[in-house]
Amino acid sequence: MATTPPALRTRFTELVGCTVPVQQAGMGWVSGVDLAAAVSEAGGLGMVAFPMATPEALTGLLEDVRRRTTRPVGVNFILPVLQDHACVDIAAERMSVVEFFWATPSPRLVARAKAGGALAAWQVGSVAEAREAADAGCDFVIVQGAEAGGHVRGSRALLPLLCEVVEHVGIPVVAAGGIATARSVAAVLAAGADAARIGTRFIATTEADAHPEYQRALIRAGAADTVLTTQFSVMWPDAPHRVLSACVDRARGLDTDVAGEIVLAGATVPVTASSPFCPTRTATGQVDAMPLYAGESVGAVTRVEPAADVIRELATGAVARLREALSGQDPD
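Residues numbered from 1 in each chain as written. Predicted model: local features only at pLDDT ≥ 70, side-chain atom pairs only at ≥ 80, totals over all residues. Heavy atoms only, no water.

J.: For this particular structure, what's the right way to read the pattern of salt bridges?
T.: Side chains that carry opposite charge are capable of pairing whenever their charged atoms lie near each other. Counting across every chain of the model gives 20 salt bridges. Lys114 is the salt-bridge partner of Asp139, the closest N and O atoms lying 3.6 Å from each other. In this pair, Asp139 sits in the loop between helix 6 (127-135) and strand 6 (140-144) while Lys114 sits in helix 5 (residues 107-115), placing the two residues 25 residues apart along the sequence. Since its relative accessible area comes to 18%, Asp139 is described here as buried. Put simply, Asp34, Asp64, Arg67 and Arg68 are held in one network by salt bridges that share partners. (Salt bridge = Lys/Arg side-chain N within 4 Å of Asp/Glu carboxyl O. Helix = DSSP H or I, 4+ residues; strand = E, 2+ residues; numbered from the N terminus. Buried < 20%, exposed > 50% of the residue type's maximum accessible area, 1.4 Å probe, protein only.)

Structure representation (structure tokens):
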């Protein structure tokens, strides 16, 4: 019988209402309803992300989330591809957290999210952006290091960036980038983070909407097999992203303008060569030439497992590591 992960109280868990200081990253259509609900039910903060969904489609998807769990769930919006700001209102009325990425923090959008009853958060890549997020009224900020998979906002390694940010903002800080093990969760908590944000590890779960070939590629890969590139920039220029290097080589070798197809919100959509759509379960065609987003933590991915098992391992191990680190210290 599965054991319940230990509660680990931080400012993040108190604010959000979860029991484990782990936020699952919003990863496009890969982080769908099943994954978010499973993470939240296990005690973390699950996140959904449905880029370019219409207000009508988003409403249905979020209502499906609410049928799966009553626990806190968040929505991630990537601002360059947010086509209708009414989606922010829809999310804020239904979800616990509304999070924004890839733009200067906007007091107007933060206020809009909070007016609907949600907590507002911003993912940033610098100390300056973290300050702007706090000044804009965000309830917490996610600090992303360059080790992260997917689109990478800044250029600095996580740990020194995190240490500076926690000194300059008063709101809870979530650490993101290269975190996939209990030891790394404990490390960022010890460095002052209020939670750890994890993406790559959750792609290799039974609930993620990731293509099996994508998951197998993650299992085979190590940290040296990722690269920060701009290869998959069709539709979204000037946005560096970390992927498995093998998919870059395959994309460059394509002799067609379309890598395949994918089903999004019930509609079949062509995946243009070098576009940012990563392969979900529904993807067909040249899956290995689509962006296989992965962080430098990919070496910790060794199998496909339930999201609840990942949460349990991270929480139990982080508590043990923190206790171990403190056990030899003089309390005075």
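Still more ground to cover, so stick around.
J.: For this particular structure, what's the right way to read the nonpolar core?
T.: Generally speaking, nonpolar side chains in soluble globular proteins are found buried as a group. Counting residues in each nonpolar core, the largest one holds 103 residues, and the members touching the most others are Phe77, Trp122 and Phe202. For this core, the leading source of residues is helix 12 (residues 307-327), giving seven residues. If we ignore the near neighbours within four places in the chain, the residues touching Phe77 are Leu58, Leu82, Cys87, Val88, Ala91, Val98, Glu99, Phe100 and Phe101. Listed in part, the 13 residues of the second largest apolar core include Phe12, Met47, Ile142 and Val174. (Core = buried A, V, L, I, M, F, W, Y, C linked by side-chain atoms within 4.5 Å. Contact = heavy atoms within 4.5 Å.)

J.: Is there a simple way to explain the layout of surface pockets in this structure?
T.: Gaps left between atoms show up when a probe the size of a water molecule is rolled over them. Volume-wise, the largest pocket comes out at about 240 Å³. For the lining of the largest pocket, the secondary structure elements donating two or more residues are helix 2 (33-41), helix 3 (55-68) and strand 12 (258-264). For the lining of the largest pocket, the leading source of residues is helix 3, giving three residues. (1 Å grid on protein atoms, 1.4 Å probe; cavity = no way out; pocket = protein on both sides within 12 Å on 5 of 7 lines; lining within 4 Å. Points joined across faces, edges and corners; volume = space filled by probe spheres on them.)

J.: Looking at this model, I keep getting lost on empty space enclosed by the protein. Mind explaining?
T.: The final tally for this structure, using the stated rule, is two cavities of 30 Å³ or more. Elements represented by at least two residues in the lining of the largest cavity include exactly strand 3 (73-78), strand 7 (150-151), strand 9 (195-198), helix 9 (200-203) and strand 12. Looking at the lining of the largest cavity, its residues break down into 24 nonpolar, 15 polar and two charged. Reported here for the second largest cavity is a volume of approximately 120 Å³. Along its surface, the second largest cavity is lined by 14 residues, and Phe50, Pro51, Met52, Phe77 and Leu82 are the ones closest to its centre. Looking at the lining of the second largest cavity, the element that brings in the most residues is strand 3, giving four residues. Here the lining of the second largest cavity is built from residues that sort into twelve nonpolar, two polar and no charged. (Nonpolar A, V, L, I, M, F, W, Y, C, P; charged D, E, K, R; others polar.)

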